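Examining the three-dimensional arrangement
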Amino acid sequence: MGFNTVFNSNNLELIKMKRILKKVNSYKSYMETLSDEKLKSLTTDFKLRLSCGESLDEILPEAFAAMREAAHRVLGLFAYDVQILGAITLHNGNIAEMKTGEGKTLTAIFPAYLNSLTGKGVIVITSNEYLAKRDAVEMQGVFKFMDVTICAGLEDDENKMTKHEIYKHDIVYTTQSTLGFDYLFDNLANRKEDKFLREFNYAIIDEVDAVLLDSAQMPLIIAGSPKVQSNLYPVVQKFVETLEEGIDYKKDEDDNVWYLNEGIRKSEQYFNVENLYDDSHYYLVKILNLVLKANVNMTLDKDYVVKDNKIKLLDKETGRILEGITLKNGQHQALEAKENVPLSNENRSIAAITYQNLFKLFKKISGMSGTAKVAEQEFIETYNLKVVWIPTNKPVIRIDKKDKIYATLPEKIIAILEFVKKIHATGQPLLIVSGSVQATDLYSALLLNEGIAHSVLNAHNAVKEAEIISEAGELNNVTVATSMAGRGTDIKLGKGVLELGGLVVVGTERMSSKRMDQQLSGRSGRQGEPGLSQFFVSLEDELLVKQGPRWLEKYRNKKYNSIDEVIPVELNRRKFGSVVEFAQQASDDNGKQSRGIIAQYDESVKIQRKKVYDARNSLLLEEEMDFDLNKTIKLLVSEFLNKKKEISMIDITTFLVNNLNFSNKKIEKFINFKSKKEISEKLIRIIYDECTKVRSIFKNKQEEEDFIRVSILKAIDEHWVDQIDSLSILSTVVSGRTYAQKNPIYEYAREAYESYNEMRYRIKESIIRNIAKSHIERNENGELIIYFP
Ligand code: ADP
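Residues numbered from 1 in each chain as written. Predicted model: local features only at pLDDT ≥ 70, side-chain atom pairs only at ≥ 80, totals over all residues. Heavy atoms only, no water.

**Looking at the overall build of the chain**
Secondary structure assignment for the chain yields 29 helices and 22 strands. Taken along its principal axes, the extent of the C-alpha atoms in the chain is 100 × 75 × 50 Å. Every one of the 789 residues in the chain was classed for burial, and the buried ones make up 52%. Across the chain, contacts joining residues at least 24 apart in sequence account for 74% of those joining residues at least 6 apart. Counting every atom, the chain has about 37,900 Å² of accessible surface; 52% of that belongs to carbon and sulfur. If you average the places of the 108 positive and of the 114 negative side-chain charges in the chain, the two averages end up 3 Å apart. (Helix = DSSP H or I, 4+ residues; strand = E, 2+ residues; numbered from the N terminus. Buried < 20%, exposed > 50% of the residue type's maximum accessible area, 1.4 Å probe, protein only. Contact = heavy atoms within 4.5 Å. Areas by Shrake-Rupley, 256 points an atom, 1.4 Å probe, with all protein chains shown as cover. Lys, Arg positive; Asp, Glu negative; His and termini not counted. Charge placed at Lys NZ, Arg CZ, Asp CG, Glu CD.)

Take a look at the structure:
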């Protein structure tokens, strides 16, 4: 291994880890002498030592050495030193940048094993189910050998385990979405027995940049029953059609749209309201924003298509229809109104979390990727994760050619074809990668014209995808794929390919992020094999049109009458080479910024969710129920009385009738108005009596406690569901700067906090109502039957 000696933080980290590596290596010959039985029994020894106070760091060298020997015996693979360095990085709770083909699957088993010894569980995340299953199957033999339980945590026909059984394993291989939904469902459980997750302890995330950055903002949502549909959408659409940009509304370069004063005035007139931003017009404002966005920011046949009288969204990356995916929070309905198709039902979300917050729940996370270093700053800022670059096992000898740059798209296409034909004639395999489905279709058609047989990969079928990609290294093979296809799948070279110079990767454009480019070129030249990558760029590429500097404009005006006229002329790299970097930087910055904004919005939800879930959990899991009826009643009454300056008889009547088994007549007898204090005392007395009336039916304390527990859970869930839903609506209401110069994130946080306090009040009210107004019977078996109000 030739590490360079430049003094930087990465090298410092490597130097520290190499000391540990040395210790791991020092146990090598000892481990070799052990019998299978003895090797296996080390797991028990390690656990014992942990319980006697040794730390994981202290037993790491022996544990890694034992695992290395076990993997050698079971799989026939002896982990390279660089894999051990990667493994130490993962155990330290950092990100290991390891190139494709360096063996990340094997690397992960070391920290997984070590951390499983604490008995607190380890989760290994891979980006799709196929890979999770494959990795679990490939590695399970080693874990079994070492007496550690492991499974793939996915639900399918083969896997008949319940969630309880799955999460009892020491190590679970799964995907981020399965884990996310499991987490949400676990927190919807109504009984202790229905909860199946342990506290999140340690996660190892493969392709960590894809999970923690690219899909970090994606919320996982459990949708509940449909809401009552608003008929405002078509009306608002009619109104929005009358508006003019620059006069009634404005749009900025980040695709924010908002109403100007004139637009607000017109809407007040149109909908006959006095002040649009009065709280009572909340939904109108929401729909006005959504419909304006649908009209200004979303383009037919680019962002979505209309098919069978329905709106179908398109994947920006691949251009394919996203079946079954709809926009949230009414944006879909706004789009439907715009295109005049029947409005679909809007589902209420009952639980939601983003990946970012899901993974922040772990005590320790770590990750691997071939492309993480370029995003290190964001990893540090968002997750406090360092990125450690791990040297490759053998030096990379792949040649990454400098970009070939052309003024126009036709020139570039012709140049690519010539390049491909020349290489293909030698038998050297080619992987041609584009940023969109349309582009892959185009290159496929052109290749067909030339009579070059090839596979096309632009569908999201992970099994086939991995298969096609893994065969891309065979002699004479040409594969055309979209950039995301088969990420993380190893491409092995076929017979005779090494001699020809390995796999050639052709990038038909530079991708929106440098990380994606690196993923592509990294497909070739694995494990020190030869290889080549060549990117082609035209000034008419989407990346440069959108994010490139303005002065490129004057180079884009060449027109052709026929394809025969096109002669590719390479542009001077000195002049144009840096525009690509410039555009990628801009695009990466945009991504980072929008992720940051989403994270800020999500912060309020995160805090509230934690409080609510903590309350639920202590209710479900703790032996002693922490609930004081008296205190709850007092708080409720005082909050109720403080809601308004003057409390009227009507207010009190409504309160009592809604929450207790009270008729109006009874109330008049009870309440004689004097001071607030007197009302308060009286109310507390009445409510307390009502709540304790039901007591006589319970045979023992346990029954009563169970009843109260369920009453509280019901109350929490009912209002938390509403809260989640209204918070997601709130974000659409405050976004788009409709609040004229106010900071939407601040507005959001403030309103979210207010609504949280309101929710707490409502929960207390519901608890009392559930306790006081429920009807309880016993059936013939003596079991309690509760009818909640
Ligand atoms: P990555 O995810 O880093 O691209 P994989 O985990 O898919 O890599 O492994 C790539 C290939 O290298 C696999 O075929 C694996 O069996 C092989 N491999 C991994 N580690 C070793 C090792 N220590 N010795 C020999 N082969 C290895």
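Having seen the model, we can carry on.
**Side note on the packing of aromatic side chains**
Inspection of the entire model under this criterion finds 16 aromatic pairs. On the basis of an interplanar angle of 70 degrees and a centroid distance of 5.5 Å, the ring pair of Phe-239 and Phe-271 is categorised as edge-to-face. Here the residue Phe-239 occupies a position in helix H11 (residues 232-240), and Phe-271 occupies one in the loop between helix H12 (261-270) and helix H13 (282-297), the gap between them amounting to 32 residues. With a relative accessible area of 1%, Phe-239 lands in the buried category. (Phe/Tyr/Trp six-rings, centres within 6.5 Å; stacked < 30°, edge-to-face > 60°.)

**Details of the site of the ligand**
In the neighbourhood of the ligand, 16 residues make up the surrounding shell, with Phe-78, Gln-83, Gly-101, Thr-105 and Lys-492 lying closest. Between a nitrogen atom of the ligand and a main-chain N or O atom of Phe-78, the distance comes to 2.9 Å. Between the ligand and Gln-83, the relevant distance is 2.9 Å, taken from a nitrogen atom to a side-chain nitrogen or oxygen of the residue. For the ligand, whose unbound accessible area comes to 570 Å², protein coverage reaches 80%. By residue number, the principal contributor to the shell around the ligand is helix H6 (residues 104-116), which donates 3 residues. (Near = heavy atom within 4 Å. Polar contact = N/O pair within 3.5 Å; in protein donor to acceptor, adjacent residues only side chain to side chain.)

**Digging into the pairing of strand E16 (residues 430-434)**
The side chains of a regular strand alternate, residue by residue, between the two faces of the sheet. Buried residues dominate E16, accounting for 5 of its 5 residues. Here E16 shows a buried face lined by Leu-430, Ile-432 and Ser-434 and a second buried face lined by Leu-431 and Val-433. Note that E16 and strand E18 (residues 478-482) share 5 bridges and pair parallel. Bridge pairing in E18 links Val-433 to Ala-481. (Pairing = 2+ DSSP bridges.)

**Notes on helix H14 (residues 331-338)**
Counting buried residues along H14, 7 of its 8 residues qualify, which places the element largely inside the surrounding structure. Of all the positions in H14, only Gln-331, His-332, Gln-333, Ala-334, Leu-335, Glu-336 and Ala-337 are classed as buried. Downstream of H14 by one or two residues, Asn-340 has phi in the positive range, about 55 degrees.

**Some points on the environment of Ala-615**
Relative to the helices and strands, Ala-615 is located in helix H23 (residues 573-621). Sequence-wise, Ala-615 and Asn-590 are 25 residues apart; in three dimensions their C-alpha atoms are separated by 38 Å.

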